[in-house]
Amino acid sequence: DGGITQSPKYLFRKEGQNVTLSCEQNLNHDAMYWYRQDPGQGLRLIYYSQIVNDFQKGDIAEGYSVSREKKESFPLTVTSAQKNPTAFYLCASSISSSSYEQYFGPGTRLTVT
Amino acid sequence: DQQVKQNSPSLSVQEGRISILNCDYTNSMFDYFLWYKKYPAEGPTFLISISSIKDKNEDGRFTVFLNKSAKHLSLHIVPSQPGDSAVYFCAANRGGAGSYQLTFGKGTKLSVIP
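What this report covers is the structure whose coordinates are included nearby. What you see is a predicted model; the values in this text were computed from it and never measured.

1. Structural notes on the overall build of chain A
Helix and strand counts for chain A come out as zero helices and eleven strands. Along its sequence from the N terminus, chain A presents helices and strands in the succession β-β-β-β-β-β-β-β-β-β-β. Over its C-alpha trace chain A gives a radius of gyration of 13 Å, about what one expects of a compact globule, namely 13 Å for 113 residues. Taking the principal axes of its C-alpha atoms as reference, chain A extends roughly 35 × 25 × 25 Å. Among the 113 residues that make up chain A, the fraction classed as buried is 47%. Here the analysis covers contacts within chain A between residues at least 6 apart in sequence; of these, 53% occur between residues at least 24 apart. Summed over its atoms, the accessible surface of chain A is roughly 5,500 Å², and 47% of this surface lies on carbon and sulfur atoms.

Below you can see the structure in the form of structure tokens.
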């Protein structure tokens, strides 16, 4: 079954700790994306990657970092510099960066206390 | 500045009736529009899309209408079913440079009452 997996589904961390969220896809898609959703808000783009070893900042990249060492994987690190890290994080992919339709994983709910 | 607006946070409809979800946009550079459906604690699922060169696209019970002059699009669900109860996000994409980015509205929560 092709798809996007995100793990874990729920994650709890203490303030001041870095945490890495996993995103893996087996759709052979070139482009991958990270979004953040807050209650009552739409999705906001954090980072995106068009190809392996390349990534670009989205609208709200401050306090986050990513890597794209493999086509299938696009992990997101939420650093201690992110002021409001508690949110629902969604990973998505598309066939290419010029493909309009993005397909989403199930999400990770991060709670930082 | 919110470029994609869904002004109704929620909508309730009786089963079997039509659901109409609305979306307005301000950026005239947007040329492709998508609707996503999202259940709680899950990722959004792509539902239907429309290019700016069209004014209507239909897929089964779902139809999206685009009025470019009014910068308005709507999603019609006929007939509505209880399983349609979810949050619906409108998203817009501008072609060319920066085509990677989808701009999302805040969503409309649809409740279909049996």
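2. Here we look at the overall build of chain B
Tallying secondary structure elements over chain B gives zero helices and eleven strands in all. For 114 residues, the compact-globule estimate of 2.2 N^0.38 gives 13 Å, and chain B sits close to it at 14 Å. Projecting the C-alpha coordinates of chain B onto the three principal axes gives extents of approximately 45 × 30 × 20 Å. Looking at chain B as a whole, 46% of its 114 residues are labelled buried. Across chain B, every contact between residues at least 6 apart in sequence was considered, and the portion connecting residues at least 24 apart equals 54%. Accessible area of chain B: about 5,400 Å², with a carbon and sulfur share of 49%. When the 12 basic and 9 acidic side-chain charges of chain B are each reduced to a single mean position, those positions are 4 Å apart.

3. Regarding the nonpolar core
Counting residues in hydrophobic clusters, the biggest one holds 23 residues, and the most contacted among them are Phe33, Trp35, Leu73, Leu75 and Tyr88 of chain B. The element contributing the most residues to this core is strand E9 (residues 86-94) of chain B, with four residues. Ranked by size, the runner-up nonpolar core spans 20 residues in total, among them Met32, Trp34, Phe74 and Leu76 of chain A.

4. Observations concerning the state of the cysteines
All names here are of chain B. Scanning the entire structure with this criterion turns up two disulfides over all chains. Paired by a disulfide, Cys23 and Cys90 hold their sulfur atoms 2.1 Å apart. Because the sign of the S-S torsion sets the handedness, a value of about -75° for the bond joining Cys23 and Cys90 places this disulfide among the left-handed ones. Of this pair, Cys23 sits in strand E3 (residues 19-25) while Cys90 sits in strand E9; the two residues are 67 residues apart in sequence, bridging distant segments of the chain.

5. Let's talk about a nonpolar patch on the surface
A cluster of nonpolar side chains, namely Ile18, Ile20 and Val78 of chain B, defines an oily patch on the protein surface of about 220 Å² accessible area. Relative to the helices and strands, Val78 of chain B is located in the loop between strand E8 (72-77) and E9.

Conventions and cut-offs
Residues numbered from 1 in each chain as written. Chains lettered and ligands numbered in written order. Predicted model: local features only at pLDDT ≥ 70, side-chain atom pairs only at ≥ 80, totals over all residues. Heavy atoms only, no water. Helix = DSSP H or I, 4+ residues; strand = E, 2+ residues; numbered from the N terminus. Rg over C-alpha atoms; globule rule 2.2 N^0.38 Å. Buried < 20%, exposed > 50% of the residue type's maximum accessible area, 1.4 Å probe, protein only. Contact = heavy atoms within 4.5 Å. Areas by Shrake-Rupley, 256 points an atom, 1.4 Å probe, with all protein chains shown as cover. Lys, Arg positive; Asp, Glu negative; His and termini not counted. Charge placed at Lys NZ, Arg CZ, Asp CG, Glu CD. Core = buried A, V, L, I, M, F, W, Y, C linked by side-chain atoms within 4.5 Å. Disulfide = S-S within 2.5 Å. Patch = residues over 30% accessible without salt bridge, like charges linked within 9 Å, V, L, I, M, F, W, Y side chains within 5 Å. Salt bridge = Lys/Arg side-chain N within 4 Å of Asp/Glu carboxyl O.

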